[in-house]
Amino acid sequence: MKRADLISGIVLAVFGLMMLAFVIPLQVEQAPPGYVSPRLVPNLAMIIIVGLSGLLIVKSLRKAGAPPLLPDAVFSRSELIALLKISAVFTVALVLFWLGTPLGAGIVLIAGTLVLLGERRPLILVLMPAGLLLAIWVLFYKVLGTAIV
């Protein structure tokens, strides 16, 4: 567990620092003088992520002398297979979205993850995507009066 914590902490710290140094300054515009900057929330979120990942790294390094409670493998085979399955669902959803069918992408994303998580009841597999997508449609088209483009 300490090895997984160390790796996770390093990956999250590098991610947060890259976001702070490159992505947020390049992608989020500056606000006019006198306005709250749109960069405030992303910067705060990344600072918190870097701080917490630093704590995770320190915690895992402090326990470096303790005997390992788990085997040396950071991720088990079943975890890697689950990661590949979920990644495949996201890939199919992205391809459908790029092909111009966001409704199909939403259905695949919701129903696919439900199936991978072990849901087998057909009523849930139909009602969950339909209900969530209907709620999104009502929110954007009826309540907010905007279109999703």
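Just so you know, these numbers come straight off a predicted model, no measurement behind them. Numbering of residues begins from 1 in every chain and follows the order in which that chain's sequence is written. Where totals are concerned, whole chains, interfaces and linings use all residues; where local detail is concerned, this predicted model gives features only for residues with pLDDT of at least 70, and gives and counts side-chain atom pairs only at 80 or more. Heavy atoms from the whole structure form the basis of all side-chain values; hydrogens and water molecules are not counted.

**Q** Talk me through the overall build of the protein; I want residue IDs and the actual numbers.
**A** Put simply, DSSP marks the helices as runs of H or I at least four residues long and the strands as runs of E at least two long, and each gets a number from the N terminus on. Scanning the protein from terminus to terminus reveals five helices and zero strands. Walking the protein from its N terminus toward its C terminus, one meets helices and strands in the order α-α-α-α-α. With respect to the principal axes defined by its C-alpha atoms, the protein has extents near 60 × 55 × 25 Å. Summary of the burial criterion: residues with accessible area below 20% of their type's maximum are buried, those above 50% are exposed, and those between are partly exposed, where the area comes from a 1.4 Å probe applied to protein chains only. Residues counted as buried form 15% of the 149 residues belonging to the protein. Expressed as a percentage of contacts within the protein between residues at least 6 apart in sequence, the contacts between residues at least 24 apart total 49%. The contact criterion used throughout is that any non-hydrogen atoms of two residues lie within 4.5 Å.

**Q** An account of helix α5 (residues 122–143) is requested, with residue identities and associated values reported.
**A** Here α5 is 22 residues long and its end C-alpha atoms lie 30 Å apart, about the 32 Å a rise of 1.5 Å per residue gives. Downstream of α5 by one or two residues, Gly-145 has phi in the positive range, about 70 degrees. Here the expected length of a helix is defined as 1.5 Å per residue gap, with one fewer gap than residues.

**Q** Tell me about the side chain of Ser-60, and please be specific about residues and values.
**A** Looking at the element boundaries, Ser-60 is found in helix α2 (residues 40–62). N or O atoms closer than or at 3.5 Å make up a polar contact, with two conditions inside protein: a donor-capable atom paired with an acceptor-capable one, and, for residues adjacent in sequence, both atoms drawn from side chains. Of the polar contacts made by the side chain of Ser-60, one reaches the backbone oxygen of Ile-57; its length is 2.9 Å.

**Q** If you had to explain the confidence of the model for the protein to someone new, which residues and values would you point to?
**A** Confidence along the protein averages 88 in pLDDT terms, with 91% of residues attaining 70 or more. Taking the mean pLDDT of every element in the protein, the minimum, 90, falls on α5 and the maximum, 94, on α2. Per residue, pLDDT captures the predictor's confidence, and it can take any value from 0 to 100.

**Q** Could you give an account of a nonpolar patch on the surface, with specific residues and numbers?
**A** A contiguous nonpolar surface patch, about 790 Å² in accessible area, is contributed by Leu-134, Ile-136, Trp-137, Val-138, Leu-139, Phe-140, Tyr-141, Val-143 and Leu-144. Structurally, Val-143 is set in helix α5. The class of Val-143 is exposed, set by a relative accessible area of 58%. In this scheme, patches are assembled from residues that exceed 30% relative accessible area and form no salt bridge. Like charges are connected within 9 Å, while nonpolar side chains (Val, Leu, Ile, Met, Phe, Trp, Tyr) are connected within 5 Å. Accessibility throughout is a Shrake-Rupley quantity obtained with a 1.4 Å probe, and a residue counts as covered only by protein chains that appear here. Here, a salt bridge means any Lys or Arg side-chain nitrogen found within 4 Å of an Asp or Glu carboxyl oxygen.

**Q** Tell me about the environment of Ile-110, and please be specific about residues and values.
**A** Along the chain, Ile-110 falls in helix α4 (residues 102–116). On a C-alpha basis, the gap between Ile-110 and Leu-56 in space is 32 Å, while along the polypeptide they are 54 residues apart.

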